Amino acid sequence: MAQQFNPQNIKKRTSVLVFIKGTTAPMVLYVENPQDLYAELTQLIKTPGSTVVEKETQGPLKKVCFAANQIAAVAMQEEQYV
C-alpha cells in the first residue's frame, strides 16, 4: 500500500550549488544562511585572482575547500523533504 504523506509534514530547504570547472556534477552545500553564501560566492566570481574558499556545511559534505577562480557557476535550489 502506498504511504500517504500529509502536506503539513513537507518542509522546504534551500541549498547552494557550486559548479566547478572541469567537473560534471555540482557540489551541493547545505548551510545555515544560503543567501549569504550565494552572495559571497557570486562576489568571488567577479573578483580577479585566486582565493581559497573553505566552508563547513550541514549536509553530507561536512567541510569543503576549493579555489574561487575555478567556480564556473553558482545556483540556489529549493528542495522539499519530509
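Residues numbered from 1 in each chain as written. Predicted model: local features only at pLDDT ≥ 70, side-chain atom pairs only at ≥ 80, totals over all residues. Heavy atoms only, no water.

Draft legend 1. Region of the structure containing the nonpolar core. Residues Val18, Met27, Leu41, Phe66 and Ile71 are the most contacted members of the largest nonpolar core, which totals 15 residues. Only β1 (11-20), β2 (27-29), α1 (34-46), β4 (63-67) and β5 (71-81) provide two or more residues apiece to this core. Those residues in contact with Phe66, other than ones at most four positions away along the chain, are Val18, Ile20, Met27, Leu41, Thr51, Val52, Val53 and Ile71. (Core = buried A, V, L, I, M, F, W, Y, C linked by side-chain atoms within 4.5 Å. Buried < 20%, exposed > 50% of the residue type's maximum accessible area, 1.4 Å probe, protein only. Helix = DSSP H or I, 4+ residues; strand = E, 2+ residues; numbered from the N terminus. Contact = heavy atoms within 4.5 Å.)

Draft legend 2. Fine view of α1. In this model, α1 (13 residues) spans 19 Å end to end at C-alpha, consistent with the 18 Å of a helix rising 1.5 Å per residue. Within the sequence span of α1, burial applies to Pro34, Leu37, Leu41 and Leu44. Projected down its long axis, α1 carries its buried residues within an arc of 90 degrees, all on one side. Structurally, α1 contributes buried residues whose contacts are with β1, β2, β3 (52-56), β4 and β5. (Expected span 1.5 Å × (residues − 1). Arc of directions from axis to C-beta.)

Draft legend 3. Spotlight on the sheet that holds β1. Taken in spatial order, the three strands line up as β2-β1-β5 in an open sheet, and their pairing is antiparallel. The sheet is open, and its two borders are formed by β2 and β5, each paired with just one other strand. Going from strand to strand, the sheet's axes swing by 30 degrees on average, the running direction of each strand aside. Bridge analysis of β1 against β2 gives three bridges, and the strand direction is antiparallel. Within the sheet, the bridge partner assigned to Leu17 lies in β2 and is Val28. Where α1 meets the sheet, its contacts fall on β1, β2 and β5, and the angle it forms with β5 comes to roughly 165 degrees. (Pairing = 2+ DSSP bridges. Axes fitted to C-alpha atoms, helices over the stretch in contact; angles between N-to-C directions.)

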